[in-house]
Amino acid sequence: MQFKPFAPGIEVNGQTAYAILDGFKDFEQLASKFLLLEGIGTRGPAGLAIIEPEGWYKQAAWLRAFENIAKQIGDRVLFQIGVAIPRNAKFPPFVVDVVSAIRSIDIAYHMNHRKDGVTLFDPKTGQMSEGIGHYGCEVIPDKNMIVSVCNNPYPCAFDRGILTAMAQRFDPTSAVAHDDAAPCRKNGGESCTYMVTWRG
Ligand SMILES: [Zn+2]
């Protein structure tokens, strides 16, 4: 399901939360309205939300902001917020091509969330903890293709934006298609499936 946390006590870091402001581009005031309504950030000059990059914000509140954006604006902006994620999130250093980029999303996702104050991926030990779902990365042999099953509480169009931005960062020929034959979170499913392809 979209918009409902999988576990209590989950927080998202400020660098990630900032993607809502970034994704709205020239409509920062509108984006600020959605964030401030849920208590994310503080009200700065001209009503703009100020997000602390090193701060932590409640995932439940951030997901409610997404839910309101989905209802009032729609998928195009959710997609743009997803595209903004790689611009703002921390990514591990081994990311060098489409496969490593898509594979890194799940690690970065866990690095940028914490539960009860503990970050869900520890780069020192490689330990990943559960509580927020996953971004899958199944590389199809002998094809320039990845199947990514995303079972997490974020919206369908947002994840398509993340996958698209990550793939295109390393190969501009890449494209991401939503598998309409698979379950979709927008229709109450537990996951969405995307096909990432590139010419190579
Ligand atoms: Zn979907």
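Attention in this report is confined to the structure presented alongside it. Everything quoted here is computed from the prediction, not taken from an experiment.

Turning next to the overall build of the protein. Helices and strands together make up the secondary structure of the protein, namely seven helices and 13 strands. Projecting the C-alpha coordinates of the protein onto the three principal axes gives extents of approximately 55 × 40 × 30 Å. Per-residue burial over the protein gives 40% buried out of 200 residues. The long-range fraction of contacts in the protein, counting pairs at least 24 apart against all pairs at least 6 apart in sequence, stands at 62%.

Taken N-terminus to C-terminus, the directions of helix α5 (residues 75–88) and helix α7 (residues 156–170) make an angle of 40 degrees; their axes are 6 Å apart at the nearest point. Taken together, the axes of α5 and α7 lie oblique to each other. Where α5 crosses over α7, the two elements pack in a sense that is right-handed. When α5 is examined against α7, the residues Asp75, Leu78, Phe79, Gln80, Ile81, Gly82, Val83, Ile85 and Pro86 are found in contact with a partner set consisting of Ala157, Phe158, Asp159, Arg160, Gly161, Ile162, Thr164, Ala165, Met166 and Arg169. Here the residues of the contact of α5 with α7 sort into eleven nonpolar, four polar and four charged.

On to the nonpolar core, then. Ala17, Ile20 and Ile102 are the most contacted members of the largest nonpolar core, which totals 52 residues. Top contributing element to this core by residue count: helix α6 (residues 98–111), with eight residues. Setting aside residues no more than four positions away along its own chain, Ile102 makes contact with Cys137, Ile146, Ser148, Leu163, Met166, Ala167 and Val196.

Time to look at the environment of Leu48. When you line up the elements, Leu48 lands in the loop between β2 (42–43) and β3 (49–50). According to the C-beta neighbour criterion, Leu48 is partly exposed, with 18 such atoms within 10 Å. It is 24 Å that separates the C-alpha atoms of Leu48 and Gly161, two residues lying 113 residues apart in sequence. Ignoring anything within four residues of it in the chain, the contact list for Leu48 reads Glu28, Gln29 and Ser32.

A few words now on unusual backbone geometry. Even without a glycine there, the phi angle at Lys25 is positive, about 50 degrees. Tracing the chain through its elements places Lys25 in the loop between α2 (19–23) and α3 (28–37). Unusually for a residue other than glycine, Asp116 sits at a positive phi of about 50 degrees.

Before going further, it helps to spend a moment on the sheet that holds strand β4 (residues 56–58). By way of backbone hydrogen bonds, the strands of a sheet pair with one another, either parallel or antiparallel. Here we have four strands laid out as an open sheet, ordered β4-β1-β5-β6, and antiparallel in their pairing. The sheet terminates laterally at β4 and β6 (118–119), the two strands that pair on one side only. With three bridges connecting them, strand β1 (residues 10–13) and strand β5 (residues 113–115) associate as antiparallel partners. Across the sheet, Val12 pairs through a bridge with His113, a residue of β5. The strands that helix α4 (residues 59–72) touches are β1, β4 and β5; relative to β4, the one it contacts most, it runs at about 65 degrees.

Reading the values: rules and limits
Residues numbered from 1 in each chain as written. Predicted model: local features only at pLDDT ≥ 70, side-chain atom pairs only at ≥ 80, totals over all residues. Helix = DSSP H or I, 4+ residues; strand = E, 2+ residues; numbered from the N terminus. Buried ≥ 20, exposed ≤ 12 C-beta atoms within 10 Å, placed from the backbone. Contact = placed C-beta atoms within 7 Å. Axes fitted to C-alpha atoms, helices over the stretch in contact; angles between N-to-C directions. Parallel < 35°, antiparallel > 145°, perpendicular 65-115°, else oblique. Left-handed = near helix turned anticlockwise from the far one by under 90°. Nonpolar A, V, L, I, M, F, W, Y, C, P; charged D, E, K, R; others polar. Core = buried A, V, L, I, M, F, W, Y, C linked by C-beta atoms within 7 Å. Pairing = 2+ DSSP bridges.

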